[in-house]
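# Structural characterization, general
Letter by letter, the chains look like this.
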Amino acid sequence: VAPCDHAAAAGWNTVSEADALGKRRGEGGLFFYDELEAALLRLNPGVVAPADVPGIVQRLESLPNTIQGNREVLEWLRGHKTLYVESEKRHRNVCLVDFDNAPGNNVFQVTREWAYRNGVRKGNRADVMFLINGIPVAIVENKNPKSKDAMQKALVQLRRYELETPEMLTAPQVFNITHLIEYFYGVTWNCQRKFVFNWKEEQAGCYEDRVKHFFAHGRFLRMLRDWILFFVEDDELRKTILRQHQTRAAIKVAERCADPGKTSGLIWHTQGSGKTFTMITAAKLILENPVRFPGATVLLVVDRNELEGQLAGWVDALLGDFQGSGIAVEPANTKK
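Along each chain, residues carry numbers from 1 onward, in the same order as the chain's sequence is written. Totals for whole chains, interfaces and linings use every residue, but because this is a predicted model, local features are given only for residues with pLDDT of at least 70 and side-chain atom pairs only at 80 or more, for both listing and counting. Side-chain measures here rest on the full set of heavy atoms in the structure, leaving out hydrogens and waters.

Another point: the overall build of the protein chain. Helix and strand assignments follow DSSP, with helices taken as H or I runs no shorter than four residues and strands as E runs no shorter than two, numbered in order from the N terminus. Assigned secondary structure in the protein chain consists of eleven helices and eleven strands. Each of the 336 residues in the protein chain was classed as buried or not, and the buried ones make up 46%. The contact criterion used is simple: two residues touch if any of their non-hydrogen atoms lie within 4.5 Å. Long-range contacts, defined as pairs at least 24 residues apart, comprise 62% of the intrachain contacts of the protein chain with a sequence gap of at least 6. Method for areas: the Shrake-Rupley scheme with a 1.4 Å probe, in which residue coverage is limited to the protein chains shown. Here the protein chain displays about 17200 Å² of accessible surface, and carbon together with sulfur accounts for 51% of that area. Relative accessible area decides the class of each residue, using a 1.4 Å probe on protein chains only: under 20% of the type maximum gives buried, over 50% gives exposed, and in between gives partly exposed.

Our next topic: empty space enclosed by the protein. Leftover empty space is mapped by rolling, across the atoms, a probe with the size of a water molecule. Residues are called lining when one of their atoms sits within 4 Å of a cavity or pocket point, these points coming from a 1 Å grid over the protein atoms alone, where a cavity is a set in which a 1.4 Å probe fits but cannot get out and a pocket is an open set with protein on both sides within 12 Å along at least five of seven lines. Grid points are joined across faces, edges and corners, and a volume is the space filled by probe spheres set on the points. Applying the stated criterion across every chain yields a total of two cavities of 30 Å³ or more. The computed volume of the largest cavity comes to approximately 110 Å³. Sorting the residues of the lining of the largest cavity by element identifies helix 4 (53-61) and strand 4 (108-116) as the ones contributing at least two each. Class assignment for the residues of the lining of the largest cavity results in eleven nonpolar, three polar and two charged. Gly counts as polar in this scheme, as do all residues outside two lists: the nonpolar Ala, Val, Leu, Ile, Met, Phe, Trp, Tyr, Cys and Pro, and the charged Asp, Glu, Lys and Arg.

Quick look at the layout of surface pockets now. Of the pockets and cavities examined, the second largest pocket occupies roughly 1500 Å³. In terms of lining residues, the second largest pocket is bounded by 49 residues, among which G274, K275, T276, T278 and M279 are the most central. Per-element accounting of the lining of the second largest pocket gives the leading share, eight residues, to helix 10 (residues 275-287). Considering only residue class, the lining of the second largest pocket consists of 22 nonpolar, 15 polar and twelve charged.

Within 6.5 Å between ring centres, the rings of Phe, Tyr and Trp (the latter by its six-membered ring) count as paired, and their orientation is classed by plane angle as stacked under 30 degrees, edge-to-face over 60, tilted in between. For the coordinates displayed, the defined rule picks out 14 aromatic pairs. Consider the rings of W12 and F130, whose centres lie 5.0 Å apart with planes at 90°: the pair is edge-to-face. Within this pair, whereas W12 is found in the loop between helix 1 (2-9) and strand 1 (13-15), its partner F130 is found in strand 5 (residues 124-132), the two being separated by 118 residues in sequence. Note on W12: relative accessible area 1%, which makes it buried. An aromatic cluster is present here, built from W12, F108, F130, Y185, F197, W199, F214, F215 and F220 joined pairwise through their rings. K23 extends its terminal NZ or CZ atom over the ring of F32, reaching a point 5.9 Å from the ring centre. Geometrically, a charge over a ring is one whose NZ (Lys) or CZ (Arg) sits within 6 Å of the ring centre while staying within 35 degrees of the ring normal.

Generally speaking, a soluble globular protein has its nonpolar side chains buried in company with each other. Remark: nonpolar core denotes a set of buried residues (Ala, Val, Leu, Ile, Met, Phe, Trp, Tyr, Cys) joined through side-chain atoms within 4.5 Å. Grouped together as the largest cluster of nonpolar side chains are 88 residues, with contacts concentrated most on W12, F130, F215 and F220. Among the elements that line this core, the one with the most residues is strand 5, at six residues.

This part takes up the pattern of salt bridges. Only one rule defines a salt bridge in this text: a Lys or Arg side-chain nitrogen within 4 Å of an Asp or Glu carboxyl oxygen. On inspection of all chains with the given rule, the structure shows 18 salt bridges. As a salt-bridge pair, E17 and R125 come within 3.1 Å of each other at their nearest N and O atoms. With E17 in helix 2 (residues 17-24) and R125 in strand 5, this pair connects stretches of sequence that are 108 residues apart. The class for E17 is partly exposed, based on a relative accessible area of 43%.

Attention now goes to the sheet that holds strand 6 (residues 135-142). Read from one edge of the open sheet, seven strands run 1-4-5-6-7-8-9, paired in mixed fashion. Each edge of the sheet is formed by a strand with only one pairing partner; in this case those strands are strand 1 and strand 9 (197-198). Looking at chain direction, strand 7 (residues 174-178) and strand 8 (residues 183-187) are connected through five bridges and run antiparallel. Each residue of the ladder has a partner; that of N176, found in strand 8, is Y185. In this scheme, strands are said to pair when DSSP sees at least two bridges between them.

The next thing to look at is the pairing of strand 4. Judged by how many residues are buried, strand 4 sits mostly within the fold: seven of nine residues are covered. Pairing between strand 4 and strand 5: eight bridges, direction antiparallel. Paired with V110 across the strands is F130, a residue of strand 5.

In structure tokens form, the structure reads like this:
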């Protein structure tokens with residue numbers, strides 16, 4: 001399975017199928033439990049005590065096997081969930097992934113043939129699973145390049161997992177589908193073809209290079225922290241991921257705002273290129289970094305009523321990310 005081999009070259013430790021099953025404590029296991037328990041203690045000194053670990057793991061295991069549960073897993077990964085610390089008489093955020101200070105604090109693992117079965121229900125088997133600190137973060141489906149409609153078959157398979165074994169998709173945030181020639185990516189719980197994107201390098205490269213770049217530790221952690229968005233559309237929770245041109249634009253907006261020698265900037269988009277999500281993400285990069293942007297104020301201005309309606313739902317969905325961060329959000333209801 002080529003993605004495993006190439007990811008190993010990018011710093012992901014390969015775990016055999018037998019060892020992975022042991023780490024999961026059976027086919028009904030959702031995590032690599034030893035790695036998860038160790039990370040809770042390693043990354044949360046003074047916050048998580050050994051007696052707290054079973055309860056946190058149980059909270060993770062009991063999340064609903066739905067897109068709502070998947071969003072909660074991402075909130076855990078991003079450090080937005082809390083634990084009450086009795087000695088301090090207050091809630092403290094729990095860290096499951098070290099995004100900034102020391103990426104070496106994280107354990108990156110990849111394994112083949114992730115089989116899930118619980119009880120008498122039909123089981124399924126994913127080709128490849130990637131895990132950080134014992135938590136599945138990416139699922140990969142490989143197809144034979146000689147197979148007709150290989151990519152469509154991979155999408156059908158992911159949809160089947162949602163219906164038959166949703167537990168397999170509760171934690172993973174992204175998926176890759178490949179037939180060893182092209183390499184596509186998207187987010188779990190959204191298999192619409194228009195939200196599946198071709199992974200392209202800045203420069204033309206081979207299949208191996210694309211795998212290594214997608215799973216490069218720093219880039220992958222940045223994707224988990226910043227580039228995955230949940231939003232509400234037609235009263236339904238949905239999920240997407242920024243495309244590469246959107247991430248570049250959001251980063252450049254933040255860099256431009258941090259440059260004291262610049263007072264303006266422009267990102268030019270075409271229709272359907274994802275302007276709104278780029279704008280919201282750029283705003284988050286600024287507002288969530290008070291050290292780099294002290295006292296920042298961000299104005300989101302739209303030019304059509306229907307866009308305002310869309311933004312209202314998306315911003316509301318993102319407000320949960322701002323809870324506890326001290327970021328105030330206020331709609332302007334009048335021109336004044």
